[in-house]
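# Analysis of the macromolecular model
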Amino acid sequence: MKVVRFHAPGDVRFEDVPEPEAGPGEVKIRVRNCSTCGTDVKISKFGHHHIHPPRVMGHEIAGEVVTVGDGVEGWAAGDRVQVIAAIPCGECGECRRGRMTICPNQVSMGYHFEGGFAQYMVVPKEVLKVDGLNRIPDGVTFAEASVAEPLACALNAQNLARVGEGDDVVVIGSGPIGCLHVRLARARGAARVFLVELSRQRLEMAADLVKPDAAICAGETDPVEEILKLTDGRGADVIITAAASGKAQEQAIQMAARQGRISFFGGLPKDKPTITCDSNLVHYRELTIVGANGSSPAHNKQALDLVATGAVPVADLITHRLPLDGAIDAFGIVERGEAIKVTIEP
């Protein structure tokens, strides 16, 4: 079968490998969609310390069951399924406390296990053990289901930041995650959602789809000043930094209202992981700063339900659909900001 495999930084190949078979406790699926994200771009360029090449890439996976291994119950050929990306162990102290997103033993599809840029793949027993193989609801396409994984990550972040009724929410970063955050905040009852982005081109592309209450180009104006103007000097209740930018994190603190909540959703480069934090703003305004690290199996199920009910539409965010041999080209499209969401259809 054909796959897209990482061999080394800058060396990703479209090649033939033997078709896998499901072993005991495993499920083999025919991959129908595996969507791309910025993480795929980073892996292709720089690798990752958890990836021991060669490794089939891809972690936003949807497909249909082909065969089930010995001991697997509840699944049959033809079942439409979505696969979690981040796999908690289910046994450690954090998992037992219900904190699966911060499991210290977490492993991942496309990192520790072969990923979804392939015609067929095996869902490992570790996924089934934590109920991480999810049935795709009727009416939800494979492409839409593949976007459930990043939506699940946004859901985790907005739960931690307590996005809710009447909030003014700022999303910094207009990539696919930023667009999902805008729509999810609306679904959670936010009064207004503002979108901030450095690039005018990317901002307009995103704003045309998700229709924020205001679209602010940070490359042309001071976003802190603009948010303060839009909120009559009060600031925003929630700011989500959906960009790998230390400056965005610093601006998020400055534009927060009293008792505002700030989500550092986008991680920073490893060679520049620190920011300057005005601690007095945090102190006197009683601000809350929270991180957000991936999603749990339960978040993935909730994300599929949000898509199925229409609460968070995702179909129109998929702006590019490419065959498997176009996956390497897709990384360039994502890196250049020419798309919102690119999905691969093996």
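Model, not experiment: these values are computed from the prediction. (Residues numbered from 1 in each chain as written. Predicted model: local features only at pLDDT ≥ 70, side-chain atom pairs only at ≥ 80, totals over all residues. Heavy atoms only, no water.)

What follows is about the packing of helix α6 (residues 176-187) against helix α7 (residues 200-210). One can describe the packing of α6 onto α7 by two numbers: an axis separation of 10 Å at closest approach and a directional angle of 30°. In this view, α6 runs roughly parallel relative to α7, as classed from their interaxial angle. Of the two possible hands of crossing, α6 and α7 adopt the one that is right-handed. Facing Cys-179, Val-182, Arg-183 and Arg-186 of α6, the residues of α7 in contact are Ala-206, Leu-209 and Val-210. Considered class by class, the residues forming the contact of α6 with α7 number 5 nonpolar, no polar and 2 charged. (Axes fitted to C-alpha atoms, helices over the stretch in contact; angles between N-to-C directions. Helix = DSSP H or I, 4+ residues; strand = E, 2+ residues; numbered from the N terminus. Parallel < 35°, antiparallel > 145°, perpendicular 65-115°, else oblique. Left-handed = near helix turned anticlockwise from the far one by under 90°. Contact = heavy atoms within 4.5 Å. Nonpolar A, V, L, I, M, F, W, Y, C, P; charged D, E, K, R; others polar.)

On to α6. Look at α6: 17 Å from first C-alpha to last across 12 residues, which is about the 16 Å you get at 1.5 Å a residue. Of all 12 residues making up α6, 9 are buried, and the element is well covered by its neighbours. Taken together, the buried positions of α6 are occupied by Ile-177, Gly-178, Cys-179, Leu-180, His-181, Val-182, Arg-183, Leu-184 and Ala-185. Where the residues of α6 are buried, they touch α5 (148-160), β11 (168-172), β12 (192-197), α7, β14 (236-241) and α11 (297-308). A positive backbone phi angle near 95° is found at Gly-189, which sits one or two residues after α6. (Expected span 1.5 Å × (residues − 1). Buried < 20%, exposed > 50% of the residue type's maximum accessible area, 1.4 Å probe, protein only.)

Segmentation of the chain into domains returns domain 1 (2-135 + 314-344) and domain 2 (154-291). Computed from C-alpha atoms alone, the centre-to-centre distance between domain 1 and domain 2 is 29 Å. In this complex, domain 1 contributes 10 residues to the contact, which on the side of domain 2 involves 11 residues. For the pair domain 1 and domain 2, the summed buried surface comes to about 890 Å²; carbon and sulfur atoms form 68% of the total. Sorting the residues of domain 1 by area buried against domain 2 places Asp-316, Leu-317 and Ile-340 first, and these three jointly supply 56% of that buried surface. Counting across the interface, domain 1 meets domain 2 through 1 salt bridge. Two residues, Arg-183 and Asp-316, come together in a salt bridge whose shortest N-O distance is 2.7 Å. Remark: the boundary between domain 1 and domain 2 carries 1 residue pair in polar contact (both at pLDDT 80 or more). Across the side of domain 1 that touches domain 2, the residue classes break down as 4 nonpolar, 3 polar and 3 charged. (Domains from an automatic or database assignment. Buried area = accessible area lost by both parts, 1.4 Å probe. Salt bridge = Lys/Arg side-chain N within 4 Å of Asp/Glu carboxyl O. Polar contact = N/O pair within 3.5 Å; in protein donor to acceptor, adjacent residues only side chain to side chain.)

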